[in-house]
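So you can see what is in the structure, the chains are spelled out below.
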Amino acid sequence: MKIPLVDLQVQTSALRNELLNAVSEVMDSCQFIQGPFVERFEEDFLALHGGEFAAGCSNGTSAITLVLRALGIGRNDEVLIPNNTFIGTAEPVVESGAMPIFVDIERESYRLSLVDLERKKSSKTKALIAVHLYGLSENIEVLKDWCEANEIFLIEDCAQSHLCRFSDRPVGTFGVAGTFSFYPGKNLGALGDAGLVISNNRELIEKVKMWADHGRRKKYFHEFSAGNYRMDALQASILSVKLRYLTEWTNRRVEVAREYDRILSKMGFKLLKPIPSSSPVYHLYVIEVSNREQVRQAFKNAGVASGIHYPVPLNCQPAFQQYGYQKGQFEVSEYVADRIISLPIFPELEKTEIAYVCDILSKEATP
Ligand SMILES: *Cc1c(COP(=O)(O)O)cnc(C)c1O
């Protein structure tokens, strides 16, 4: 049996005609930049996910860049971020000129360690970027309180958590802004790159829009030098089509995760448990094994794809050595990075396929 980690083919083929119509509509209108398609997607997304204001942009990394710029964060500032995330959370901090301060996680939940947050905060700390990693909500109310008490901006990286909720409130609406990615492999993916910022603060979204579009409110009048981080009308139009299926796809992801939970919990593996008051959306399904190389080889032989998210924690990346980060500084995130494995998960994954994956784990993997 051949099982990919993510199957983009099924969705794209099933929606082929609808997507082609969306592309035709943009072509016929010739409104390729800004304009009605981007505005429609911003509205559609808010209506489904929640949040008050939105600004489309070029990708999930630039979404964070734009928020940092709109908040005026830069040189001599520090920004806290989890040590176990995709580099796209950290690069915007470097680009802004601020210092990225990595924070370790808790062993059980993989969520930010409050002890380490306390240790890492300083008089220079301006923001915390919390990541709802794997489509599981961070302990976001606690982080919100902590940020408020310390007068630090809370930014939520929701690149893996479209439609995820905490206490029945959408992620991305707890902090000053939430950022999304529509990279093709995300829960909602474009046919290319795209991103979005949401916020309940209109002024912030207006600033984000200016930072995304040459520092202007109107044509040829530039209030500051900003650059171009706009969302394509073509991607916006495609995303409005795919958005109609996101609830259904998300429900299927949750069912797949429940089936994995049901089978694997009997085998003694460490599974990630979502916070009771949250609704996870399972961008990834991650477990720990102690013999990962052996398991990955067995998967490979059986035609099953697997992944590691992420194999190298930020402090061990050559990209951040310039800040004095090195191996051995982050006990939990480094330990976990050697044990985690991501199993295939996508809406169309079938029960027989889940059983097949779990059968290999039961034979080859040790908890
Ligand atoms: C994908 C991702 C990003 C970056 O999004 P791009 O659209 O690829 O730039 C940032 N943070 C996290 C957690 C991600 O998973």
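All values derive from a computational prediction rather than experimental measurement.

Criteria and cut-off values
- Residues numbered from 1 in each chain as written.
- Predicted model: local features only at pLDDT ≥ 70, side-chain atom pairs only at ≥ 80, totals over all residues.
- Heavy atoms only, no water.
- Near = heavy atom within 4 Å.
- Polar contact = N/O pair within 3.5 Å; in protein donor to acceptor, adjacent residues only side chain to side chain.
- Nonpolar A, V, L, I, M, F, W, Y, C, P; charged D, E, K, R; others polar.
- Phe/Tyr/Trp six-rings, centres within 6.5 Å; stacked < 30°, edge-to-face > 60°.
- Helix = DSSP H or I, 4+ residues; strand = E, 2+ residues; numbered from the N terminus.
- Buried < 20%, exposed > 50% of the residue type's maximum accessible area, 1.4 Å probe, protein only.
- Pairing = 2+ DSSP bridges.
- Disulfide = S-S within 2.5 Å.
- Core = buried A, V, L, I, M, F, W, Y, C linked by side-chain atoms within 4.5 Å.
- Contact = heavy atoms within 4.5 Å.
- pLDDT = per-residue confidence, 0-100.
- Axes fitted to C-alpha atoms, helices over the stretch in contact; angles between N-to-C directions.
- Parallel < 35°, antiparallel > 145°, perpendicular 65-115°, else oblique.
- Left-handed = near helix turned anticlockwise from the far one by under 90°.
- Expected span 1.5 Å × (residues − 1).

Residues in contact with the ligand amount to 13 residues; listed here are only the nearest, Gly60, Thr61, Asp157, Ser181 and Lys186. Contact between the ligand and Asn59: an oxygen atom at 3.4 Å from a side-chain N or O atom of the residue. Contact between the ligand and Ser181: an oxygen atom at 2.6 Å from a side-chain N or O atom of the residue. Residues that form the shell around the ligand fall into these classes: four nonpolar, seven polar and two charged.

This part takes up the packing of aromatic side chains. For the coordinates displayed, the defined rule picks out 13 aromatic pairs. Measuring from ring centre to ring centre gives 5.3 Å for Phe41 and Phe182, while their planes differ by 85 degrees; the resulting arrangement is edge-to-face. Here the residue Phe41 occupies a position in helix α3 (residues 35-49), and Phe182 occupies one in the loop between β8 (177-181) and β9 (195-199), the gap between them amounting to 141 residues. For Phe41, a relative accessible area of 0% translates into the label buried. Taken together through their ring pairs, the aromatic side chains of Phe41, Phe45, Phe180 and Phe182 make up a single cluster.

With that settled, the discussion passes to the sheet that holds strand β15 (residues 340-343). Judged by pairing direction, the sheet is antiparallel, and its three strands sit side by side in the order β12-β14-β15 without closing on themselves. Both edges of this open sheet fall to β12 (270-271) and β15, since each of them pairs with a single strand only.

Turning next to the state of the cysteines. Tallied over the entire structure, the rule returns zero disulfides. Summary of cysteine pairing: Cys164 is not part of a disulfide, and the nearest cysteine sulfur, belonging to Cys158, is at 8.1 Å. Look at Cys164 and you get buried, because its relative accessible area is 0%.

Turning to the nonpolar core, a few remarks are in order. Counting 50 residues, the largest nonpolar core has Val79, Ile81, Phe102, Leu117, Leu128 and Ile155 as its most contacted members. For this core, the leading source of residues is helix α4 (residues 60-70), giving six residues. Setting aside residues no more than four positions away along its own chain, Leu128 makes contact with Leu80, Leu112, Leu117, Leu143, Cys147, Ile152, Phe153, Leu154 and Ile155. If you look at the next biggest cluster of nonpolar residues, it comprises 43 residues, including Val256, Ile308, Val357 and Cys358.

Position of Gln11 relative to the elements: it lies in helix α1 (residues 8-14). By relative accessible area, Gln11 is classed as buried at 11%. When residues no more than four places from it in sequence are discounted, the contact partners of Gln11 are Lys242, Trp249, Pro347 and Glu348.

On to the confidence of the model for the chain. Averaged over all residues, the pLDDT of the chain is 97; the fraction at 70 or higher stands at 100%. Across the chain, the secondary-structure element scoring lowest on mean pLDDT is β12, at 90, and the one scoring highest is strand β5 (residues 153-157), at 99.

Each neighbour pair has its own omega, and for His309 with Tyr310 the value is 10 degrees, a cis peptide bond. With respect to the element layout, Tyr310 can be found in the loop between α11 (292-301) and α12 (331-337). The phi dihedral of His214 is positive, around 60 degrees, even though this residue is not glycine. Note on placement: His214 falls in the loop between α8 (202-212) and β10 (216-218).

This part is about the side chain of His132. Within the element layout of this structure, His132 appears in the loop between β4 (125-131) and α7 (140-150). A polar contact of 2.9 Å, which involves the side chain of His132, links it to the side chain of Glu156. When neighbours within four sequence positions are excluded, His132 is seen to be in contact with Ser137, Glu138, Ile140, Glu156, Asp157, Cys158, Gln160, Ser161, Val171 and Gly172.

With that out of the way, let us pick up the pairing of β9. Most of β9 is tucked away: five of the five residues are buried. Side chains Gly195, Val197 and Ser199 project from β9 onto one buried face, and the interleaved Leu196 and Ile198 project onto a second face that is buried too. Note that strand β1 (residues 53-57) and β9 share five bridges and pair antiparallel. Its bridge partner lying in β9, Gly56 is registered against Leu196. Of the pairings in the sheet, the one linking β8 to β9 comprises four bridges and is antiparallel in character.

Remark: α3 packs on helix α9 (residues 233-243), axes separated minimally by 8 Å, with the N-to-C direction vectors making an angle of 30 degrees. Comparing their axes, α9 and α3 come out roughly parallel. With respect to the hand of their crossing, α3 and α9 are arranged in left-handed fashion. The segment α3 lies against α9, with Phe37, Val38, Arg40, Phe41, Asp44, Phe45 and Leu48 engaging Ala233, Ala236, Ser237, Leu239, Ser240 and Leu243. Looking at the contact of α3 with α9 residue by residue, the class counts come to nine nonpolar, two polar and two charged.

Attention now goes to α3. With 15 residues, α3 ought to run about 21 Å at 1.5 Å a step, and its terminal C-alpha atoms sit 22 Å apart, in line with that. Positive backbone phi, approximately 110 degrees, marks Gly50, located one or two places after α3.

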